[in-house]
Amino acid sequence: MRNLLQPLVLLLWIFSATALAGPRQAAIASAHPLATQAGFEILDQGGNAFDAAVAVSAVLAVVEPFGSGLGGGGFWLLKRVSDGKEILLDGRETAPWAASSTMYLDEQGNPIPQLSLDGAKAAAIPGLPAALAHLAKRYGRLSLAQTLAPAIHHAESGFETGERYRLAAKSREKALQASPAAAEIFLDHGQTPGPGFHLLQKDLAQTLRRLARQGHAGFYRGPFASNLVAQVRKAGGIWTQRDLERYRVLEREPLRGEYQGIRIVSAPPPSSGGVVLAEALNILSAYDLEHDDPVTAKHLIIEAERRAYRDRDLYLGDPAFVEMPIRRLTSPDYAAGLRVAIRPDRALPSENLSDVGNPSSQGDHTTHFSIIDRQGNQVAATLSINQRFGSGFVAAGSGVLLNDEMDDFAVSPGKPNAYGLVGGDANRIEPGKRMLSSMSPTFLETEDRIAILGTPGGSRIISMVLLAILDFAQNHDPQSWVSTGRFHHQYLPDVVEYEPGGLSPEEIKGLEKLGHKLKETSYRYGDMQAVLWEKQGDTVGAASDPRGEGAASVR
Ligand code: GLY
């Protein structure tokens, strides 16, 4: 008996050691080379993927101030290899306690233009500083002083901005001009800076130092918090000190799904990402997209998106405020029911599914990064201040650009927001509530392959991640997922948007023949950052979207 047990114990030991062993190399893909570099510096100092995530998040806040920042929020999807724990860290912003469903409406009940987008009243209570403190304390090995050091350095010493900065600043010039502290930092003598602008953020460096020293309290309590509140109120906002004191990061169970043997782990509400992905993939699971002709395959993807985005609008919101039929929406039976009404030879107008508004879609903002360390710990994080440069408002002395995430609520239910999304009652503004998001940090897992991915891009985030998952399912590599041509349907407006080159001329003709209305965007959109670990052969790959200026590296 003893003779039999010994080899068994040895086998079990080898099995568990192999199961726990991480990849030979670490990988980081982020939207900016300085952020990717900071992540590796932290890994080299003995930090794990979670420490690197703190560093990358903070550096992105400095070097991509138009995409994310301490004045915003985000979702960090984590997998800790030591105990297999998968968790979604919810650092989403919350509505201030004085917020109400009519706060952006005029006396006739119509939205007041730009009020939920520009200036202090558009800002929700930030979650990013709390999330970084939580991430460091609960999951990291290093101190915040170590992990925030690269961001402090770049804020203090400055760096040269690129073309993306110039374009983003140009698009938000008016909002930045309206806030003297923002104009002072982000503009050049009140105008959009030209190429090679040296961006110095001394106040932000101080704010980061305070966060490094005091953690959560360094942002949400004391004189710093009082100054933020006083200046927000002076500029027409409604924050109170109590709003900041009340802010909490939440840990949530991720949303899990399955597609062709691929385990999908993504963001649950208050992000709509995981639910919409699961619903669309369930619908698509009965088709053979790889062998269908390209027009049929794309038509089916569009029809699946139409239905999944419709349910987003109808049902989803903050789980603390609304009951959502998540189990039904993500069940294969529900998808089978929806599939019955999909005709392979014709588009079904969205108005046949429900009421139609007249929204318009735009937007490209936010940021994403993906990390795997040599232990196998994983992070996919999508962070945002909503529109480029958020609300454009900076409280003097803080260096912190505040978000305009309040516009992600259904500001006026039934009417479109900045992304053309027509929210329902589930996402109406309520005090303390988290606004519905599309951010979709995602892990994909098969027996042999682990992928970590996500992208910015407003409501198009989910369709971009969907296309990447379908590409992964066809065994393509990260370079292919981040480069693949993009098209998007979000139920309303009833239009298939596609980026230049996203559909071939034959596909455009074929889809129009099926009854789809098509619209080319004026620019290629998204900035996907992806990592892949192939366990067999132990190879690690990483890719940064060719549309952006990010950097992906394996070391
Ligand atoms: N602010 C964009 C999103 O959360 O979807």
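Residues numbered from 1 in each chain as written. Predicted model: local features only at pLDDT ≥ 70, side-chain atom pairs only at ≥ 80, totals over all residues. Heavy atoms only, no water.

Caption draft 1: Quick look at the pairing of strand β1 (residues 27-30). Alternating positions in β1 separate into two faces, Ala27 and Ala29 on one and Ile28 and Ser30 on the other, with burial throughout. With four bridges connecting them, β1 and strand β18 (residues 551-554) associate as antiparallel partners. Bridging across to β18, Ala29 finds its partner in Ala552. Looking at chain direction, β1 and strand β9 (residues 367-372) are connected through four bridges and run antiparallel. Pairing of Ser30 across the sheet is with Phe369, part of β9. (Buried < 20%, exposed > 50% of the residue type's maximum accessible area, 1.4 Å probe, protein only. Helix = DSSP H or I, 4+ residues; strand = E, 2+ residues; numbered from the N terminus. Pairing = 2+ DSSP bridges.)

Caption draft 2: Structural context of the sheet that holds β9. Read from one edge of the open sheet, seven strands run β6-β3-β2-β10-β9-β1-β18, paired in antiparallel fashion. Each of the sheet's edge strands pairs with one partner strand only, and the pair in question is β6 (250-252) and β18. Taken pair by pair, the neighbouring strands of this sheet meet at an average axis angle of 10°, ignoring direction. Relative to the sheet, helix α3 (residues 49-63) contacts β1, β2 (73-80), β9 and β10 (378-384), its axis offset from that of β9 by approximately 155°. Packing of helix α4 (residues 128-139) onto the sheet brings it into contact with β2, β3 (85-91), β6 and β10, and relative to β2 it is tilted by some 15°. (Axes fitted to C-alpha atoms, helices over the stretch in contact; angles between N-to-C directions. Contact = heavy atoms within 4.5 Å.)

Caption draft 3: Expanded view of the site of the ligand. Lining the immediate environment of the ligand, one finds Arg92, His365, Ser384, Asn386, Glu405, Asp408, Ser437, Ser438 and Met439. Contacts to the ligand include Asp408, whose side-chain N or O atom sits 2.6 Å from a nitrogen atom. Of the residues that constitute the shell around the ligand, the class distribution is one nonpolar, five polar and three charged. (Near = heavy atom within 4 Å. Polar contact = N/O pair within 3.5 Å; in protein donor to acceptor, adjacent residues only side chain to side chain. Nonpolar A, V, L, I, M, F, W, Y, C, P; charged D, E, K, R; others polar.)

Caption draft 4: Focus on the packing of aromatic side chains. A complete count under the given rule lists 10 aromatic pairs for this structure. Arranged with centres 6.3 Å apart and planes meeting at 70°, the rings of Phe66 and Tyr165 form a pair that is edge-to-face. Remark: Tyr165 occurs in helix α7 (residues 163-171) and Phe66 occurs in the loop between α3 and β2; sequence separation between them is 99 residues. We classify Phe66 as buried; its relative accessible area is 6%. Judged by centre distance (5.6 Å) and plane angle (85°), the rings of Tyr165 and Phe389 are edge-to-face. Of this pair, Tyr165 sits in helix α7 while Phe389 sits in the loop between β10 and β11 (442-445), placing them 224 residues apart in sequence. Of the two residues, Tyr165 and Phe389, neither departs from the other in class, the shared state being buried. Members of the aromatic cluster, connected to one another through ring pairs, are Phe66, Tyr165, Phe186, Phe197 and Phe389. The ring of Trp97 carries the charged tip of Arg246 above its face, separated from the ring centre by 3.6 Å. (Phe/Tyr/Trp six-rings, centres within 6.5 Å; stacked < 30°, edge-to-face > 60°. Lys NZ or Arg CZ within 6 Å of the ring centre and 35° of its normal.)

Caption draft 5: Molecular detail of the nonpolar core. In this structure, Tyr259, Leu284 and Leu289 are the most contacted members of the largest nonpolar core, which totals 83 residues. Per-element tally for this core: the top contributor is helix α18 (residues 460-473), with 11 residues. Residues Val54, Val63, Ile152 and Ala212 belong to the second largest nonpolar core, which totals 82 residues. (Core = buried A, V, L, I, M, F, W, Y, C linked by side-chain atoms within 4.5 Å.)

Honestly, it's all geometry; don't read function into it.
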